[in-house]
Structures are given as C-alpha cells and as structure tokens.
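Structure assessment
Here are the chains, one letter per residue:
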Amino acid sequence: MKVSIWGVVLSMVIWAIPAVAQEKGMQFVEDKSWQEVLSIAGQENKLIFLDCYTTWCGPCKAMAKDVFPQPEVGDFMNANFINVKMDMEKGEGLELSKKYKKFIPGYPTFLLINGQGDVVHQVAGYNAPDKFIEKMKEGLQQKSWIAYTVKYQAGERSWEFLQTYLQSLEDAYQKADVKQVVEATLPQLTLQAITENESAYRIFRKYWNNAESPMLVTFLASPAIYRKYKDPEKEVNEWGGRLFKSAVDKYIGASTTPDKFDAKAADEVLNNLRNLHVSGRENMIALLKLSKAVAAYKPEEFVKTLNSAKEFGMLRYDSRAVSTWAKYMASKTQDKKLLDQYLSAASFNEKDNLVSHDDIRNYAYILERKGDKEKAAAYYKEADKKEAELKERFKGLLGN
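Residues numbered from 1 in each chain as written. Predicted model: local features only at pLDDT ≥ 70, side-chain atom pairs only at ≥ 80, totals over all residues. Heavy atoms only, no water.

Another point: the overall build of the chain. For the chain, the count of helices and strands is 21 helices and four strands. Relative to the 2.2 N^0.38 estimate, which gives 21 Å for 400 residues, the radius of gyration of the chain is 31 Å and therefore markedly larger than a compact globule would have. Projected onto the principal axes, the alpha-carbon positions of the chain cover approximately 110 × 55 × 45 Å. Intrachain contacts of the chain at a sequence separation of at least 6 include 63% that bridge at least 24 residues. With the model as given, the accessible surface of the chain reaches about 22,800 Å², and the carbon-plus-sulfur share is 53%. Here the chain holds 57 positive side-chain charges and 54 negative ones, and the gap between their average locations is 4 Å. (Helix = DSSP H or I, 4+ residues; strand = E, 2+ residues; numbered from the N terminus. Rg over C-alpha atoms; globule rule 2.2 N^0.38 Å. Contact = heavy atoms within 4.5 Å. Areas by Shrake-Rupley, 256 points an atom, 1.4 Å probe, with all protein chains shown as cover. Lys, Arg positive; Asp, Glu negative; His and termini not counted. Charge placed at Lys NZ, Arg CZ, Asp CG, Glu CD.)

Spelled out as structure tokens, the structure:
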C-alpha cells in the first residue's frame, strides 16, 4: 500500500514539473482588445510592455524562444508590466503600427506604454536576457530617449546629458533625431570644451566629420588632449586619417571639373597633411597634388607626381582615380608622347578580376585618342562584356 501511495505522489510530482516550467518566463495577456489592455494598465497603475513583432522576423523569434521564457526575465517583467505581444501586420497590430510608427524603426521593437496610450520607453532589436532586463529597468527609471527628448526640448544642454541622449537615440535607431541633435551640437564644441570635459571629448571623437576645421588640426597636433582621456595615438591617427580621406576624396571628385575645384582650400588641406601624422598621409598628399595638377591642367606635373608616387609604392588602391584622370588629361591633347604616358597610367593587369569595366573603357578611350581604333574597339567590347557579366551576377544575387 505504501508503495502504491508513493507511486501516486511521484506520478503527481512528475506531471507537475511541466506545469511549473510553463509558469516560468514572461506571461502575456491574451484575448484582450487593446482598449481593454489600456484599461487594465490604468486600474493596476502599471505600464504595458508591447512586443511588436512579425511572423517573418528572425530576431523576433529568437527573443520569443531564448529570452522571454527565461525565469529571471519572467520574474522581472511579470512583476512590473502588463505584457502583450502583437503581430504588427494583423488585426489591431496594423492600427498600432501606424499609431506608433515613429517608435518602430524595425522588428522586433519593444514599447513601454502608459494607461493613456503614450509611449514612455522604446527598445529595438535582439537583446540577451540580462541586457533586456537592464533596458526595461531604464524605462522604469525614465532613462529613455523619450524622456530625454522632453528634457532636450526644455533646453538641457550639458555635455554629460548630450552624450547620454545621443547614445540613447542611437540605441533606439532614431537616426533622424541623432542627425538633428548632432548638427545642433557640433557647432558648440570648442577646443577648451573637449580639453576640459570628457563627455564633450567623446561627442567630438564620435561625431566630428569636418577634416578642414582648424579645431581638428589643432587637436591632432596636441597629443596631450587625447592622452588625457587615454585614447591610443594610433587609434586617433587612424580616425584623423579617415576624416582627411573624406576631404581628399572631395577634391579628387572636383578635379575634372576645374570650375568647382577650390585650389586654395586644397592647398590648406595639403599643408595640414604635411604637418600631421594621420594614417595614410603620404598617399593622400600624392592624391591632392595630382588633383591640383589635373584641375590646373599641368601635364608634366601630373606625370611627374604620378611616377614618383608609384615608385614609392603608393596609389595601389586608387587605380580608379588614376584611370579617370588619365582619360581626362588625354581628352585635352593630341601629343603622342603625353598620350603614351597617360596610357601607361591607365594600364591594368588583364588577369585581375577586380578591374572595372570603367577602367577598361578609360584605357580604350586613350587608345582611340592615339589612333589605335581597332585595339580600342576590342577593349570597348571587353568592357561591355564585363559590365553585362556584372549585372547578371547582381541579378542572381538579388534573386531576379
């Protein structure tokens, strides 16, 4: 008899285990209209957690499978929120996706909404359990980009606040707001501010994009500033190199339209590069000198600079610019000697699969200028073939 009783007890325990397991994790309100959920939130004085998902969203499925069922997630979320999940492409989800469009940059998106239907916090994308709980706590503590926006609109502009606000906007994928705040903030940065305040410094390092500003040049020439904040010199010089490269690219692009080329500004960038130690400075100096020679149409200077740069192993990754320049310079002369030099500049390794159809056409054009029409026609045909093959590969990649 004892065995029989214990058998029954054991059986009950075994059957109870799945039931207990099912209670773990987040519990979602089901079979309630959105209006009913809002009413419940008002009565219980709780925020609504709204999981905005779609059936085709992989990260949404991962959250539902790997995060929501976790006991620690359930303990926190069930105690603090009324949890609701909504397919944003069906039923009431369609209307809610329109109503909360500004707060849904993609899927999954998680919203905290009060009883009046106002969004007070937003989190986007997949988050591991601990990170997910941390971000939900921020919503309860009003550490949300939505709450920060109210403060920003009220005039809060301390560097510490701006750094936090921008990061919160980035985390929420609010790209338009990030752009707007950055554009309003950068003009307020000064050398003194980034020297004395780390938040101002971090904003500067993350968002500054003007390589032609005196402040950047002074900063890059003042290691004491970034050493104060323990930023490695190599990292700072790489960052400076990327900024200067964007400026150099602008002059490269304008070089074949001389009326748009600002030679004085290009000289200033050139002189700054000579005095700084940013990554890639030697190559950028060569590119700027070539841009100036092209814009002013100085063939001898162009050829001399090009040959000198190649002797030092430069311009390996700038064949497109060199090829375009060679074609442009060739278009302005019938001098055979110059055309030979431009043809040499535009030459390419025919076994290199990375050679573009544009580079081949530039080469064909110079051949044509030299009078070698038959050879030029063959290269034009090769360029057309390469372009067609490329389009076909992209077509396959895009599934068309």
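This is not the end of the story, as more comes after the structure.
This brings us to the side chain of Asp87. Along the chain, Asp87 falls in strand 2 (residues 81-87). The exposure class assigned to Asp87 is buried, which follows from its relative accessible area of 9%. Separated by 2.9 Å, the side chain of Asp87 and the backbone nitrogen of Glu89 make a polar contact. Apart from residues no more than four positions distant in its own chain, Asp87 is found in contact with Tyr53, Thr54, Thr55 and Gly93. (Buried < 20%, exposed > 50% of the residue type's maximum accessible area, 1.4 Å probe, protein only. Polar contact = N/O pair within 3.5 Å; in protein donor to acceptor, adjacent residues only side chain to side chain.)

Below, the discussion takes up the pattern of salt bridges. Overall, the coordinates contain 24 salt bridges when judged by the stated rule. Between Glu198 and Arg202 there is a salt bridge, with its nearest N and O atoms 3.5 Å apart. Highlighted residues: Glu198 and Arg202, both in helix 11 (residues 198-207), separated by four residues, approximately one helical turn. With its nearest N and O atoms 3.9 Å apart, the salt bridge here joins Arg361 to Asp358. (Salt bridge = Lys/Arg side-chain N within 4 Å of Asp/Glu carboxyl O.)

Let us look at the sheet that holds strand 3 (residues 109-113). Strand order in the open sheet formed by four strands is 2-1-3-4, and the pairing between neighbours is mixed. Edge positions in the sheet fall to strand 2 and strand 4 (119-124), since each of these pairs with one other strand and no more. Between one strand axis and the next, the sheet turns through 20 degrees on average, direction left out of account. (Pairing = 2+ DSSP bridges. Axes fitted to C-alpha atoms, helices over the stretch in contact; angles between N-to-C directions.)

What follows deals with helix 2 (residues 34-44). Every buried residue of helix 2 is accounted for by Trp34, Val37, Leu38 and Ala41. For helix 2, the arc enclosing every buried residue in end-on projection is 100 degrees, short of the 170-degree limit, so these residues lie on one face. Relative to its buried face, helix 2 has exposed residues pointing more than 90 degrees away, namely Gln35 and Gln43. Phi for Asn45, located one or two positions after helix 2, is positive at around 55 degrees. (Arc of directions from axis to C-beta.)

Take the state of the cysteines next. All told, the structure shown has one disulfide when counted by the stated rule. Each sulfur in the disulfide pair Cys57 and Cys60 lies 2.3 Å from the other. Judged by the sign of its S-S torsion, about 85 degrees, the bond between Cys57 and Cys60 is right-handed. Taken individually, Cys57 and Cys60 each receive the classification buried, so the pair is uniform in this respect. Here Cys52 is not disulfide-linked; the sulfur of Cys60 is the nearest cysteine sulfur, at 9.2 Å. Cys52 sits in the buried class, given a relative accessible area of 0%. (Disulfide = S-S within 2.5 Å.)

Let us look at helix 11. Most of helix 11 sits inside the fold, with seven of its ten residues counted as buried. Taken as a whole, helix 11 has its buried residues at Ser199, Ala200, Tyr201, Ile203, Phe204, Arg205 and Tyr207. Residues of helix 11 that are buried sit in contact with helix 8 (159-171), helix 9 (175-185), helix 10 (191-196), helix 12 (214-220), helix 13 (223-228) and helix 14 (233-254). The N-cap residue of helix 11 is Asn197: its side-chain oxygen and the backbone nitrogen of Ser199 are 2.9 Å apart.

Okay, the nonpolar core next. Residues Trp34, Leu189, Leu216, Phe219, Phe244, Phe302 and Tyr342 are the most contacted members of the largest nonpolar core, which totals 105 residues. In this structure, Phe49, Phe110, Phe132 and Met136 belong to the second largest nonpolar core, which totals 17 residues. (Core = buried A, V, L, I, M, F, W, Y, C linked by side-chain atoms within 4.5 Å.)

To continue, consider the packing of aromatic side chains. One pass over the full model with this rule turns up 26 aromatic pairs. A centroid spacing of 5.0 Å and a plane angle of 80 degrees characterise the contact between Phe204 and Phe219, whose relative ring orientation is edge-to-face. With Phe204 in helix 11 and Phe219 in helix 12, this pair connects stretches of sequence that are 15 residues apart. Assigned by exposure class, Phe204 and Phe219 land together as buried. Cluster of aromatic residues (ring-pair linked, three or more members): Tyr201, Phe204, Trp208, Phe219, Tyr226, Tyr229 and Trp239. In this arrangement the basic side chain of Arg205 is found over the ring face of Trp239, its NZ or CZ atom lying 4.7 Å from the centre. Here Lys327 stacks its cationic end above the ring of Tyr365, 5.3 Å away from the centre of that ring. (Phe/Tyr/Trp six-rings, centres within 6.5 Å; stacked < 30°, edge-to-face > 60°. Lys NZ or Arg CZ within 6 Å of the ring centre and 35° of its normal.)

This part is about unusual backbone geometry. In this model, Tyr107 is joined to Pro108 through a cis peptide bond whose omega is 0 degrees. With respect to the helices and strands, the residue Pro108 is situated in the loop between helix 5 (92-99) and strand 3.

Here Ile146 is to be found in helix 7 (residues 145-153). Residues Ile146 and Gln122, spaced 24 residues apart in sequence, show a C-alpha to C-alpha distance of 7.8 Å. Excluding residues that lie within four positions of it along the chain, Ile146 makes contacts with Phe103, Val119, Val120, His121 and Gln122.

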